[in-house]
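Examination of the molecular architecture
For reference, the chains in residue letters:
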Amino acid sequence: MPDEIILKMSSLVGVLFVVSLFIGRYFKGDPTLDAIPTVGFSDPILSYFSALQFNFDGVRMLKEGYQKTRPGLFKIANARRWMVLAAGSGLIEDIRKAPDDVLSRNEPTREAIQSEYTLNILNPSDKYSTDIIRSKLMRDVAATFKETREELVMAMDDLIPTREDKWVKVPIIQTLQRVICRATNRIFVGVPLCRDRDYLNLNVTYAANVVKFGMIISLFPKPLKLVVSRMLSNLPSQIQQEIEFIKPMVEERFAKMQEYGEDWDDKPNDLLMWHMSEAKGVERSVEGLARRLLVINFASIHSTSTTLTQVLYRLLANPEYIEPLRQEVDSVITEEGWTKAGMDKMHKIDSFIRETQRVDGFNLLSMTRLALRPFTFSNGVTVPAGTFVSIPASATHTDESIYPNAEEFDGFRFAKLRESKDDKITRRHQTVSTSSENLAFGLGKHTCPGRFFAVNEMKALFAHIIANYDFKFEERARAPRENWIAGTRFIGTANVMFRTRRK
């Protein structure tokens, strides 16, 4: 997201936040919450200033609470309710084990992006998409690797046409968004739609618009939300565009399903087809499928491209890692070729990505839940219904008792830990692995179901860049300024110079 947009949004957030002081409900005192240590103001009115402060000073505030209370609980205010943070593996485990009818995962997400006004799934109670991603997409990572890599390479060749003797200037985050979007949609909708520039632009901009309009709509009281969304949001028109893009394909496939049943010679093996086979009721319509595709793209494109951009920024800031990474990639490719098995052997590539997630994670919090009824932690503290419960991921990931020299970036930190001959230890330190110490993808039954596909895609593209390009920041340039808004890191864009690798 460009810096000028961030600044405008920050100004708007500030103005509307002040308005919300008068139209939102005041925090009401609660004896159980009063007993939990507070970072910032505890006063019902002054706590609003702490909520505003969290938008730009959240890293420090979480660190302060974490260091003072671990293992224990502390609280921070947001605009409409208290947020109780759990520091320590035992309390994290309490959240992981809690049933959904006690600690809801969906409600905080709905509130953060205002999903009823932005995503608008026709039947949000139908979770069949998640089941498909957990089963088909996760299981078929190896089977789809050839297509994924082929599309990554073609997209890079199209977007970064390089030579050995000439540097090409590339706006890196925008370019990686389109590369990732194209490769991802090779598996989602197949060729040729995955290469249609208008289709790719639609999915990239839709994801950004969901975040933008969700943040704006969240600042208004419920009676005004629908009016604001209709006045400001272009998401309905984007949904209609998605319908128009996939309608001919969906109708043709449904016709073949009617004629041949569930199997025919050239039946596509992509995410859209998997959904068409499993969808029921309104979700089986073109509109239902279009909305699902947009939502899955929203969940995958920006998280993957943002992480990979941060990986490249870290590498450009620490160029001493380039040669050992190249040696690993060259060695593995010579032995295994460009295969899923080869990706699994690239421990340094994997480590560099995981360490970037640890140090530069784009969410301050993880596993945020809303207490639907009073919830008691294993330490005996009860939080009342209506309270947010979460984990301070940024503070956990920089805990010196977990990660020695935690504030320092060590690109091969996890590769060194994987030198053990114990397979259990080796697996524990992979990027896709989750634990109370590694919260980038969440933990427990709601862990990100698409992480295996996403990490494999990141590793394949990162290894391809390492193996085939020389790259550097523009002269006198460095990683751009970052901005925090509501606990989310928005990274700035920079131009990166590319040329074909000189061997």
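This is a predicted model, so every value here is computed, not measured.

What counts and how
- Residues numbered from 1 in each chain as written.
- Predicted model: local features only at pLDDT ≥ 70, side-chain atom pairs only at ≥ 80, totals over all residues.
- Heavy atoms only, no water.
- Buried < 20%, exposed > 50% of the residue type's maximum accessible area, 1.4 Å probe, protein only.
- Helix = DSSP H or I, 4+ residues; strand = E, 2+ residues; numbered from the N terminus.
- Pairing = 2+ DSSP bridges.
- Contact = heavy atoms within 4.5 Å.
- Axes fitted to C-alpha atoms, helices over the stretch in contact; angles between N-to-C directions.
- Polar contact = N/O pair within 3.5 Å; in protein donor to acceptor, adjacent residues only side chain to side chain.
- Parallel < 35°, antiparallel > 145°, perpendicular 65-115°, else oblique.
- Left-handed = near helix turned anticlockwise from the far one by under 90°.
- Nonpolar A, V, L, I, M, F, W, Y, C, P; charged D, E, K, R; others polar.
- UniProt positions renumbered as here; feature names shortened; annotations may be inferred.
- Arc of directions from axis to C-beta.

Overview of the pairing of strand β2 (residues 82-87)
Of all 6 residues that make up β2, 6 are buried, and the element is covered over most of its length. Both faces of β2 are covered, namely the face carrying Trp82, Val84 and Ala86 and the face carrying Met83, Leu85 and Ala87. Sheet analysis places strand β1 (residues 72-77) next to β2, joined by 6 bridges and oriented antiparallel. Bridge pairing in β2 places Lys75 opposite Val84. Counted between consecutive antiparallel strands, the loop separating β1 from β2 contains 4 residues.

A closer look at the sheet that holds β2
Read across the sheet, 5 strands follow the order β1-β2-β8-β5-β3 without closing on themselves; strand pairing throughout is mixed. The open sheet has two edge strands, β1 and β3 (103-104), and neither has a second partner. Here helix α3 (residues 47-69) sits on the sheet in contact with β1, β2, β5 (365-371) and β8 (388-392), set at roughly 165° to β1.

Some thoughts on the side chain of Asn78
If you trace the backbone, Asn78 turns up in the loop between β1 and β2. A polar contact of 3.0 Å, which involves the side chain of Asn78, links it to the backbone nitrogen of Arg80. A polar contact is formed between the side chain of Asn78 and the backbone nitrogen of Arg81, at a distance of 2.9 Å.

What to know about the packing of helix α17 (residues 347-360) against helix α21 (residues 451-468)
Relative orientation of the contacting elements α17 and α21 amounts to 115°, with a least axis distance of 10 Å. Considering their axes alone, α17 and α21 lie roughly perpendicular with respect to each other. Considering the relative orientation of α17 and α21, their crossing is right-handed. Residue-level inspection shows Ile349, Asp350, Phe352 and Ile353 of α17 in contact with α21, the latter providing Val455, Met458, Lys459, Phe462, Ala463 and Ile466. Tallied by class, residues from the contact of α17 with α21 come to 8 nonpolar, no polar and 2 charged.

A short note on the UniProt feature "binding site: heme" (unreviewed entry) in the chain
In this numbering, the UniProt entry assigns the feature "binding site: heme" (unreviewed entry) to Cys448. Inspection of the secondary structure assignment puts Cys448 in the loop between α20 (423-428) and α21. Accessibility expressed as a relative area gives 29% for Cys448, which makes it partly exposed.

Considerations on the environment of Gly58
Counting through the fold element by element, Gly58 comes out in helix α3. Assessed through its relative accessible area of 3%, Gly58 is described here as buried. When the C-alpha atoms of Gly58 and Pro374 are compared, they prove to be 26 Å apart, with 316 residues separating the residues in sequence. Excluding residues within four positions of it along the chain, Gly58 makes contact with Gln53 and Leu364.

Looking at the pairing of β8
For β8, the tally of buried residues reaches 5 of 5 residues, placing the bulk of the element in the interior. Going residue by residue along β8, you find Phe388, Ser390 and Pro392 tucked away on one face and Val389 and Ile391 tucked away on the opposite face as well. Two strands pair when backbone bridges link them, and β2 and β8 are joined in this way by 3 bridges, in the parallel orientation. Bridge pairing links Leu85 to Ser390 in β8.

Structural notes on helix α11 (residues 222-232)
Taken together, the buried positions of α11 are Lys225, Val228 and Ser229. Around the axis of α11, the buried residues are gathered within 100° of arc, so they sit on the same side. Of the residues in α11, the exposed ones pointing more than 90 degrees away from the buried face are Pro223, Arg230 and Met231. For α11, the elements touching its buried residues are α6 (115-118) and α10 (197-218).

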